[in-house]
Each structure stands twice: as structure tokens, then as C-alpha cells.
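What follows is the residue order along each chain.
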Amino acid sequence: MAALTLANTNWQLEANASAHHTDKYSSTELIVRRGQSFTIILTFNRALQTGESLTFTAETGPKPSLQAKTQAVFDISSTASNSTWSAVQQSTNSSSVSISISSPANAAIGRYKLSVQPASGGSASRRTLGTFVLLFNPWSSGDDVFMPDSTERKEYVLEEFGIVFVGNVNRISKMGWNYGQFQGDILNICLSILDRSLSYRKDPATDVSRRNDPKYVGRVLSAMVNANDDNGVLLGNWSGNYSGGTSPSSWNGSIEILQKWKDAGFKPVKFGQCWVFASVLTTVLRCLGIPTRMISNFNSAHDADRNLSVDEYYDDSGNPLNMGGDSIWNFHVWNEGWFTRSDLGPSYNGWQILDATPQERSAGIFQCGPASLIAIKEGDVDLDYDAPFVFAEVNADRITWTYDTRTREAKPISSETKSIGQFTSTKAVGSYARVDVTNNYKYGEGSKKEREVYEKARTKLGRVHGFSGTSEKRPEIDQKPEISGKFKVDGSLEIGKDVSLILVLRNLTTDAKTVKANMTAWAIVYTGKPIHEVWKDSLSPSFTSEEEKQFPIKITYAEYQQNLTRDNMIRVTALCQVESGIDVVVERNITLDNPDLVMQVLSDAKVNEPVNVEVIFTNPLDQEVKDCVLQAEGSDLLKGKLKIEMPSLQPRQSSKIPFEIIPTKSGTKQLLVNFSCDKFPDVKAFETINVAN
């Protein structure tokens, strides 16, 4: 009888992809999830005889080994195993054999080579069948990333579109993002990211063997999505000057960024800021099968010295100073990934914070997390990883100082506990609504429990960092303020219009008071970093007992136009000095709105049929706008990115920009557009399109 030789392998791509929820990937390779069986059909030169068996080998990484669990050798058995690789013969049809192969729910993820060796009387050689990709499996109860709720799985694993919440506490706005984790070459690029990490370069075999653990994979990716240390995907830039690269606010999705990184020979893409890092990390984690969502935190603290308080400094003219490492960002965006914490215990399972924005080093490199969300809420800042930094982001205390630039003396003037970490937000499951998750991160501000947790965290940190916890001397503020103040917005806040505010000051005492108020307005980056002064003024009003007065303020378009950053943000400050009393800082961050971009889809969308779209932009200014460009993108609607250069627009002129899309898949899709010109960078809109078969 002829030796048994393999003639053909049928990977059952469609049936396996459907069973494994991987049918959205654009690939001709088998993509399956761990802890679940897949079926292949092997055709030989003749039928298998009694006593002939097949031995399979599945292996991943550069140095596969049985000991490291990156190689498995298994014969055909009568039943599938949950804990090891196994093969079960399902049926035989003359020379074809249907085999069901199962991987353990804790197998390392990545690209595997599968081979078979027929074993009969003679020694047959091992034959490679090909490769397949193994992913995390949120559908499998045995997997560390198991997510029981099917609507949540659909959102946090399968959804290719998201909403990012940005702005400031007074005005939260949203923009769309195209994650595109199933598009084109994205899966291969995500696997390349793992293969270019510092851990892989140092010890490839160990790194690959640890890819069974979502904690490990998440931490490695939090380092690799930023370019610091390892030539990762994105280079951060918060300077306000983005020449030599793409401004962070002009990206609409992750696909272009990941593709650019690969096409440039894995050199960092310029430039990212927090929501770009977080959006790319969302794409990569969802692509690999880890349920992930984006979190936006408003008034987010960057506590550089790990004492759970942030210090803000002003000079006596009321100018914000770039002093010390601490800062308070108008907003900051990070990720939560869903998995168990075998290292901490089951009470810390669930959402885990990961942050790819390079802010502080952790174990020597710019990475952050995973920190258990439950640990943050309970003040367990001694638990891995990076809990003190995350705790401070949502719950640091805030101390305001005046700094005398002549004597170099700093004086604390106020301290408060409630303003950091507000409106912590994520996208709702199945809709574009904002869900407030602040209570996941901390107990209610002002509650006894919140202060208890804060003091517990300080005590734990004190042990680690050598200050004596609660008894560490915090700045003594020996006087109560004699006046209070706030800025109120008077009218609309739109680019091209003057900014009208009202400074409201109130005498808190029964004595007559004279106040000197030094006021400044600075164009800032969203991290709070002052870039350019745009306006200043001063007042010296007198107050009778408990009197309140209002002072109208106007900052003209001409004053701020040249120096506004792409974040459209201005910080207005009044440093109020009372004779023999304590200084009071009144501040407000304002975000100016871009003009509207109107998008209309002019016909019903069907697969492989052109759909006409029209975008309308109206120049609201009394001056011409130049260098007008419209960009559009959308997964399964456009191949790559559409870019249309447009003529200049005269004052008050409207422009209609028509273009065509051809949907390639049915379902709910999103089209994103971004209009830029010399006066209005990055005006965005998105539209939901339901594509019929």
C-alpha cells in the first residue's frame, strides 16, 4: 500500500470564522479564538486504515517549546480537552478526514504553524498544513477576558466606530473615531507591534510564552502605542506646533496611523495626543480580542511627584506659570480593558485601566497599567500596576500658589478636594450617548467615604515613598479668603466672534474692601499648558459690606485669532489681591466652538452601489479663508482616505462639496469628515449610514 501523504487542506474558513466571531476580519488566513474548537478537512492520497493515526503540532514564536507552552504535540483522541490542545476525528469520507481541533482557554495568542505527521508502520515526515491566528476569546467562560453580556461584547470587541468625549468641565463635546480593527492589514500590524516590543527584543521566547496573559499583553501595548523607549507607533507632541507631522486633532481614525507606522519601516508616526493614543490602543486591543472602551476624565490631574496633590502656580500679574511637574488637564483619555486579575484576587476582576499616553515612567519605561478599577475606587494604591498615578488623575487634591518671580518665594493661597476628576465619561453601549462613570472611580465627592479612601491611599503611598502619609505637612493656609469670584459666560463662544465674560466678585466680610484684580487670558493646549498671552487688564473696585459686583470683559477675535491653538481653548484668570488679606485666584477654561459642518447622505446605501454624499461648510468670518481641504473616511464605505482640495471661501460664503462612496459590506457604518482651512483647523462631523445588502 502507498505511504499516506497529504493532498489538500480545507481550513473551512467561512464556517470557522462564523463560529469564532472572526468573520469581519479581512483575511484569507484562518482566524480563531482560543478555548474553542475549529474544524479542518484533510484529504490524503488514500483512505486511512485501521491502526494509522495522525499527530499534530501547533507552535508559535521563534523558539517553540513544550515547556513554555508555545508548542503542543497531540494525537487524535476520542474527546476534546479544555486544558490542553486536542484533536477529535469527526467523520471520514473515503480519503477525506474531518478533524476538530481545540486549544486551551489560556493558550498564548498569536500566529501559529500547524503541521501533521501520519503515523503508520513506516516513518512518515511531518507536513506543514499552514498558519492560523489565535486570539483572546471573550465568548468563552474559561478565558481571562470572558465577558458574559452579549450586547457589551458586541460594543467592546466587535464595534469598529467610537465616540471620544473632549472639551472641558463646562462644555463636553464629542467626536467620532474609526477604530477599523477588522480592516485590511490591521491584524498583522497588531501582531507586529507585539514583535517589536522591548520585552520581545530582549527575550523573544519568554515574551511569546507570556502572551497567554491579557495583563501582560495590555501592559506591553500601553508601552508600544507610544514611541518613547521603543520606536512604538505614535510620537506625542503637546507643543502647539505640529510642523513636520500631522496635527493630533486632524486624525479621524486608527487605520491610517497603524498603516503609516508599518509602511515607514516601523518608525513612529507624528503626532499623537491622549485621545489618539487611547483610540489606537482601543483598535489593537479589540483586534486581539480584549474587550476595551475609552474613558475621558475632565479636570484630570497629572501628579508627577506621587503625593496625591497637584500644585498650580500664578505670578502676581495673574499669569499661569509652568512650574513643577504637576498639571491639570482639561481632559485626559485612557482605556479600560476587561479581564481577570489572578495576581490580585477575584475581587479585582473586571475593568482594568491602561494608558498609552507617555506621562510618567513605570519600571523604567513609558507604560501605564493595568490598574484595577476597583483598586482605584477603594484606594488600594499599593497594588499593581501604576495605581497611584491613576488614583491621582481622578482624585488628587488641588493646591494653588502665588509665586513671586523676584524673591522666588511661593505662597499657598487655596486648597480644595473636589474639582479633580469630574464627568468621567464613556460611550454608551449601542448608542452615541455619554455615560458618566465617575462613581466607578471614586465615592461621591464631599462624602465621608471618599475622604477615608483618600487618606487610606496617602497612608499606603507614604509607606512606599517615605513621607508619613496623613501626617505629612501639607501647606498651611492660615487665612480664610475675604472675597469670592467666578467668571460667567455672556453669549456664545464661537471662533470668529468676540468672547464676552462677566467677572463676578463678592465681598465675604462685613467690612469695606478694596480689591486689585490682575486679569490675563492665555491660549492653551488642552493639557492646561499656556502657549501665548492673548489679553490682559486690571481692575481696582471697592466693595461695601457683603457687596457683589459684576464686571463685563471682552476679548476680541482680533486679540486671540493669531494665537489660538488647535484645541480652541483659552484660560482666563483673575488674581485678586485684598489689602492684608489672602490672594484669591479666579479662573475659567473656555473652549470656542468651530462653525458647523453639515453632511447629507443623498440616497439609500446598498452594497457595491455608489452613494452620493454632500458636505456643506459656511465661512462665518468677515474675511477670506484659504487652504481648504476636506478629508473623509469610513470602514467598509471608502478604501483608505478621501482628500479633496477646495478653492478659498469669501466672507460668509457657503461651499457644497459632493463626493461618492461605495459600501463594500452591509450593516451600520459611519462616515467621518474633517474640514480644515487656515482659520479653522479640523472641523469634524460624522453620519451613520445603514447599508442594505
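Residues numbered from 1 in each chain as written. Predicted model: local features only at pLDDT ≥ 70, side-chain atom pairs only at ≥ 80, totals over all residues. Heavy atoms only, no water.

The name given to the protein chain in an unreviewed UniProt entry is protein-glutamine gamma-glutamyltransferase, with the source organism recorded as Platysternon megacephalum. UniProt, in the comment section headed Sequence similarities (unreviewed entry), describes the protein chain in these words: "Belongs to the transglutaminase superfamily. Transglutaminase family." What UniProt states about the protein chain under its Catalytic activity (unreviewed entry) heading is, verbatim, "L-glutaminyl-[protein] + L-lysyl-[protein] = [protein]-L-lysyl-N(6)-5-L-glutamyl-[protein] + NH4(+)". (UniProt positions renumbered as here; feature names shortened; annotations may be inferred.)

What follows is about the UniProt feature "domain: Transglutaminase-like" (unreviewed entry) in the protein chain. In this numbering, the UniProt entry assigns the feature "domain: Transglutaminase-like" (unreviewed entry) to residues 266-358. Across residues 266-358, helical content stands at 16% and strand content at 44%; the span's end C-alpha atoms are separated by 18 Å. (Helix = DSSP H or I, 4+ residues; strand = E, 2+ residues; numbered from the N terminus.)

Next up on the list: the packing of aromatic side chains. What the rule picks out here adds up to 27 aromatic pairs. Taking 6.4 Å as the distance between ring centres and 50° as the angle between the ring planes, the aromatic pair formed by Tyr-242 and Phe-271 counts as tilted. Of this pair, Tyr-242 sits in the loop between β12 (234-236) and α7 (255-263) while Phe-271 sits in strand β13 (residues 269-272), and the two are 29 residues apart along the sequence. Given a relative accessible area of 9%, Tyr-242 falls into the buried group. (Phe/Tyr/Trp six-rings, centres within 6.5 Å; stacked < 30°, edge-to-face > 60°. Buried < 20%, exposed > 50% of the residue type's maximum accessible area, 1.4 Å probe, protein only.)

Our next topic: the sheet that holds strand β2 (residues 30-33). The strands making up a sheet associate through hydrogen bonds between their backbones, and the pairing can be parallel or antiparallel. One open sheet holds the nine strands; their spatial order is β1-β3-β7-β6-β5-β4-β8-β9-β2, and the pairing between them is mixed. Edge strands, defined here as strands with exactly one partner in the open sheet, are β1 (6-10) and β2. With strand direction ignored, the average angle separating the axes of adjacent strands in the sheet is 30°. Pairing analysis gives four bridges linking β2 to strand β9 (residues 127-135), with the strands arranged parallel. Residue pairing in the sheet places Arg-33 in a bridge with Leu-135 of β9. (Pairing = 2+ DSSP bridges. Axes fitted to C-alpha atoms, helices over the stretch in contact; angles between N-to-C directions.)

In terms of burial, helix α3 (residues 186-195) is a largely internal element, eight of the 10 residues being buried. For α3, every residue scored as buried is listed here: Ile-186, Leu-187, Ile-189, Cys-190, Leu-191, Ser-192, Ile-193 and Leu-194.

The next point concerns the confidence of the model for the protein chain. Per-residue confidence for the protein chain gives a mean pLDDT of 95; residues scoring 70 or more make up 98%. Below a pLDDT of 50 lies the segment residues 467-471, which in the model reaches 11 contacts outside its immediate sequence neighbourhood of four places, other chains included. (pLDDT = per-residue confidence, 0-100. Contact = heavy atoms within 4.5 Å.)

This part is about the environment of Ser-173. Among the secondary structure elements, Ser-173 is positioned in strand β11 (residues 171-178). A relative accessible area of 34% means that Ser-173 is categorised as partly exposed. Here the alpha-carbon distance between Ser-173 and Ile-163, two residues 10 residues apart in the chain, equals 9.9 Å. Those residues in contact with Ser-173 that lie beyond four places of it in its chain are Val-164, Phe-165 and Val-166.

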